[in-house]
Amino acid sequence: MNYHQYYPVDVVNGPGTRCTLFVAGCVHECAGCYNKSTWRLNSGQPFTQALEAQIIADLQDTLIPRQGISLSGGDPLHPQNVPDILRLVKRIRAECPDKDIWVWTGYVLADITPEQQQVVDLINVLVDGKFVQDLKDPALIWRGSSNQVIHRLR
Ligand code: SF4
């Protein structure tokens, strides 16, 4: 998996103070996408074991307590990203059990694959669906268009 940005302290992309990871790779090609540069799987830079360890350490940091982590992109549930995302969320569940995990995807919850479901089973919140420009509403929180749904899973 490649990624574009990692913010160890972020107060914009989800509730509270968080870590945020923007991964590479998205097949949805939404008109008006805010992050077109992330569409290619091989864009950005490799997501390394070192960065994975850094994320765990940041979530465990007690000087700046994080509420959790936001995984966005790109699409964290792109089939080629799922193995690395699954490993990451398993580690967070095991090593940072009090942190919440939010994932943004262009897939719709009802249509996801069994592999993607393994990730969904471990996260707290899934914000799903493509961005639809005609349904764009700046008043919405944590989503860009009204077709997208915030699924609170646990
Ligand atoms: S799902 Fe997100 S990243 Fe992918 S094309 Fe749509 S808006 Fe862009």
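Counting from 1, residues in each chain are numbered in the order their sequence is written. Two thresholds apply to this predicted model, a pLDDT of at least 70 for residue-level local features and 80 or more for giving and counting side-chain atom pairs, whereas whole-chain, interface and lining totals are computed over all residues. With hydrogens and water set aside, each side-chain value is computed from the structure's full complement of heavy atoms.

A. Region of the structure containing the pairing of strand β1 (residues 2-10). The pairing of β1 with strand β3 (residues 45-46) spans two bridges and is antiparallel. Within the sheet, the bridge partner assigned to Y3 lies in β3 and is Q45. Note that β1 and strand β2 (residues 18-23) share five bridges and pair antiparallel. Within β2, the residue paired with Y3 across the bridge is V23. When DSSP finds two or more bridges between a pair of strands, those strands are recorded as paired. Secondary structure elements are defined from DSSP: runs of H or I of at least 4 residues count as helices, runs of E of at least 2 residues count as strands, and each element is numbered from the N terminus.

B. Representation of the site of the ligand. Proximity is defined per residue: if any heavy atom of the residue lies within 4 Å of a molecule or strand, that residue is considered near it. Taken together, C26, H28, E29, C30, C33, Y34, W39, G74, G106 and F131 make up the full set of residues adjacent to the ligand. Buried and open spaces are told apart on a 1 Å grid over the protein atoms alone, a cavity being a set of points where a 1.4 Å probe fits but cannot get out and a pocket being an open set with protein on both sides within 12 Å along at least five of seven lines. Residues with an atom within 4 Å of a point are the lining residues. Throughout, a molecule is located in a cavity or pocket provided that more than half of its atoms lie within 2 Å of its grid points. In this structure the site holding the ligand corresponds to the largest pocket. Classification convention: Asp, Glu, Lys, Arg as charged; Ala, Val, Leu, Ile, Met, Phe, Trp, Tyr, Cys, Pro as nonpolar; all other residues, Gly among them, as polar. A breakdown of the residues in the shell around the ligand according to their chemical character gives six nonpolar, three polar and one charged.

C. How the structure looks around the layout of surface pockets. Grid points are joined across faces, edges and corners, and a volume is the space filled by probe spheres set on the points. Taken as a whole, the largest pocket holds about 590 Å³ of empty space. What lines the largest pocket is a set of 32 residues, and nearest its centre among them are Y34, S72, W104, G144 and Q148. Across the lining of the largest pocket, the residue classes tally to twelve nonpolar, 14 polar and six charged.

D. Seen up close, a nonpolar patch on the surface. A cluster of nonpolar side chains, contributed by V9, L63 and I64, occupies part of the molecular surface with about 300 Å² of accessible area. Along the chain, L63 falls in the loop between α1 (49-60) and β4 (68-72). Partly exposed residues are those whose accessible area sits between 20% and 50% of the maximum for their type, while under 20% is buried and over 50% is exposed, using a 1.4 Å probe and protein chains only. L63 sits in the exposed class, given a relative accessible area of 79%. The patch calculation keeps residues exceeding 30% relative accessible area without a salt bridge and links them within 9 Å when they carry like charges or within 5 Å when they are nonpolar (Val, Leu, Ile, Met, Phe, Trp, Tyr). The accessible surface values rely on the Shrake-Rupley method and a 1.4 Å probe; as for residues, cover is taken only from the protein chains in view. The salt bridge criterion pairs a side-chain nitrogen of Lys or Arg with a carboxyl oxygen of Asp or Glu, the two atoms within 4 Å.

E. A look at the pattern of salt bridges. Following the criterion strictly, the structure yields seven salt bridges and no others. The closest approach of N and O atoms between R18 and D100, which form a salt bridge, is 2.7 Å. Taken together, the residues R18 in strand β2 and D100 in strand β5 (residues 100-104) connect sequence positions 82 residues apart. Note on accessibility: R18 and D100 belong to one class, buried.

F. How the structure looks around the nonpolar core. One finds L21, I55 and L71 to be the most contacted residues of the largest nonpolar core, which totals 29 residues. Counting residues per element, this core draws most heavily on helix α2 (residues 82-95), which supplies six residues. Each residue touching L71, except ones within four places of it in the same chain, is listed here: L21, P76, I85, L88, V89, I101, W102, V103 and W104. Among buried residues, the Ala, Val, Leu, Ile, Met, Phe, Trp, Tyr and Cys ones that are joined through side-chain atoms within 4.5 Å form a nonpolar core. What makes two residues a contact is simply this: any of their non-hydrogen atoms within 4.5 Å.

G. Here's a closer look at α2. Here, expected helix span is obtained from the residue count minus one, scaled by 1.5 Å. In a regular helix each residue adds 1.5 Å, so 14 residues correspond to 20 Å; α2 covers 19 Å between its end C-alpha atoms and thus fits that length. Within the sequence span of α2, burial applies to V82, D84, I85, L86, L88, V89, I92 and R93. Check the buried side of α2 and you find it contacts β2, α1, β4, β5 and α3 (114-120).

H. Main features of the sheet that holds β2. One open sheet holds the seven strands; their spatial order is β3-β1-β2-β4-β5-β6-β7, and the pairing between them is mixed. Of all the strands in the sheet, just β3 and β7 (149-152) have a single pairing partner and so form its edges. Each of β1, β2 and β4 touches α1; the most contacted strand, β1, lies at about 20° to it. Note on definitions: angles span 0 to 180 degrees between N-to-C directions of axes, and those axes are lines fitted to C-alpha atoms, for helices only across the stretch in contact. Together, β2, β4 and β5 form the strand contacts of α2, whose direction differs from that of β4 by roughly 170°.

I. The arrangement of the pairing of β2 in detail. Among the six residues that make up β2, six are buried, leaving the element largely enclosed by the rest of the structure. Across the two faces of β2 the burial is the same, with R18, T20 and F22 and C19, L21 and V23 all buried. With five bridges joining them, β2 and β4 adopt parallel strand pairing. The partner of C19 across the bridge, within β4, is I69.

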